[in-house]
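Fold and geometry: a report
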Amino acid sequence: MFAKFFKNIRSDQSRDEPLRWIVLDVETTGLDPASDRLLAIAAIAIQIGQGFTKPAIILGDSYEAVIKQDLASDRDNILIHHIGVGAQESGSPANEVLEQFRQWVGDAPLLAFHAPFDMGMINRAYKYYGLAPLKNEWVDIEPLAAITGGHPKAKALDDWLHFFGLECAVRHQAASDALATCELLLRLWGGIKKEASSFQEL
């Protein structure tokens, strides 16, 4: 039943107006997209209503994977994202994770808070492992929040979560951060609708 439901979600979109968006978060060995490694990807689909109406979070349509590391990241890094040495060493092969992610995403747009970082880390991983790059469109939620959120002093994701009274179960854990970012997007939707009436306008 769910497979048929999600197939309908994925097919119920046009090239010009995608109705399935992907909100994602990554965990990495550091903050430099030019040298640090991708550790994990977590992503959740949201379904946009016809006519650019308020989206719904589709928890059953999600993706999460840890990439196998030949050398685990250092202790200080592990304390941030909580992906331990064992989890890193027993993760899935990078090529498998990245190709599965490509297939799951399809042609849906990708959204993240501070998206240039996530985009840089993901693009570098595809290039490093000799895989074709993703061709999906990216949207950065941070400037959307700055324009539509009504809190001019907020900069970080934590600022926005606090402002809207949203909780993140485990901060700096990719799946939890992705869900919190989905919830933030829903809170911003009223303001977004005042600025745009379609994905292309967004």
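Here we take up the packing of helix 6 (residues 141-148) against helix 8 (residues 174-195). For any two helices packed against each other, the geometry is given by the interaxial angle and the distance between the axes. Contact pair helix 6 / helix 8: the axes reach a minimum separation of 9 Å and the direction vectors enclose 50°. Regarding the angle of helix 6 to helix 8, the classification is oblique. Here helix 6 and helix 8 pass one another in a crossing that is left-handed. Contact with helix 6, carried on its side by Ile141, Leu144, Ala145, Ile147 and Thr148, involves Thr181, Leu184, Leu188, Gly191, Ile192 and Glu195 of helix 8 and no other residues of that element. Broken down by class, the residue content of the contact of helix 6 with helix 8 amounts to seven nonpolar, three polar and one charged.

A few words on the sheet that holds strand 2 (residues 38-49). The mixed open sheet is built from five strands, whose spatial order is 3-2-1-4-5. Of all strands in the sheet, those with a lone pairing partner are strand 3 (53-66) and strand 5 (138-140), marking the two edges. Sheet twist, expressed as the mean angle between neighbouring strand axes with direction ignored, is 30°. Note: strand 4 (residues 110-112) against strand 5, three bridges, orientation parallel. Residue pairing across strands places Ala112 opposite Asp140, the latter belonging to strand 5.

This brings us to the pattern of salt bridges. Under the criterion given, the structure shown has four salt bridges. Linking Glu99 and Arg102 is a salt bridge whose minimum nitrogen-to-oxygen distance equals 2.8 Å. Of this pair, Glu99 and Arg102 both sit in helix 4 (residues 94-105), three residues apart, which is roughly one turn of that helix. For Glu99, a relative accessible area of 31% puts it in the partly exposed group. What you see here is one network of salt bridges that share partners, running through Asp158, Arg171 and Asp177.

Time to look at helix 5 (residues 115-128). Compared with an ideal rise of 1.5 Å per residue, which puts 14 residues at 20 Å, helix 5 spans 20 Å between its outermost C-alpha atoms and is within 8% of the ideal. The complete set of buried residues in helix 5 reads Ala115, Asp118, Met121, Ile122, Ala125 and Tyr126. The buried residues of helix 5 all sit within an arc of 140° when viewed along its axis, so they share a single face. The exposed set on the far side of helix 5, more than 90 degrees from its buried face, consists of Pro116, Lys127 and Tyr128. Following helix 5 by one or two positions, Gly130 has its phi on the positive side, about 70°.

This part covers the layout of surface pockets. Taken as a whole, the largest pocket encloses approximately 510 Å³ of empty space. Lining the largest pocket are 22 residues, with Asp25, Val26, Leu31, Phe117 and His172 positioned closest to its centre. Where the lining of the largest pocket is concerned, the elements lending two or more residues are strand 1 (20-28), helix 2 (75-81), helix 5 and helix 8. Ranked by the residues each element gives to the lining of the largest pocket, the list is headed by strand 1, at five residues. Taken as a whole, the second largest pocket holds about 300 Å³ of empty space. As for the second largest pocket, its lining consists of 16 residues, and the residues nearest its centre are Arg37, Lys68, Gln69, Tyr128 and Tyr129. Counting residues per element, the lining of the second largest pocket draws most heavily on helix 5, which supplies four residues.

Calculation rules
- Residues numbered from 1 in each chain as written.
- Predicted model: local features only at pLDDT ≥ 70, side-chain atom pairs only at ≥ 80, totals over all residues.
- Heavy atoms only, no water.
- Axes fitted to C-alpha atoms, helices over the stretch in contact; angles between N-to-C directions.
- Helix = DSSP H or I, 4+ residues; strand = E, 2+ residues; numbered from the N terminus.
- Parallel < 35°, antiparallel > 145°, perpendicular 65-115°, else oblique.
- Left-handed = near helix turned anticlockwise from the far one by under 90°.
- Contact = heavy atoms within 4.5 Å.
- Nonpolar A, V, L, I, M, F, W, Y, C, P; charged D, E, K, R; others polar.
- Pairing = 2+ DSSP bridges.
- Salt bridge = Lys/Arg side-chain N within 4 Å of Asp/Glu carboxyl O.
- Buried < 20%, exposed > 50% of the residue type's maximum accessible area, 1.4 Å probe, protein only.
- Expected span 1.5 Å × (residues − 1).
- Arc of directions from axis to C-beta.
- 1 Å grid on protein atoms, 1.4 Å probe; cavity = no way out; pocket = protein on both sides within 12 Å on 5 of 7 lines; lining within 4 Å.
- Points joined across faces, edges and corners; volume = space filled by probe spheres on them.

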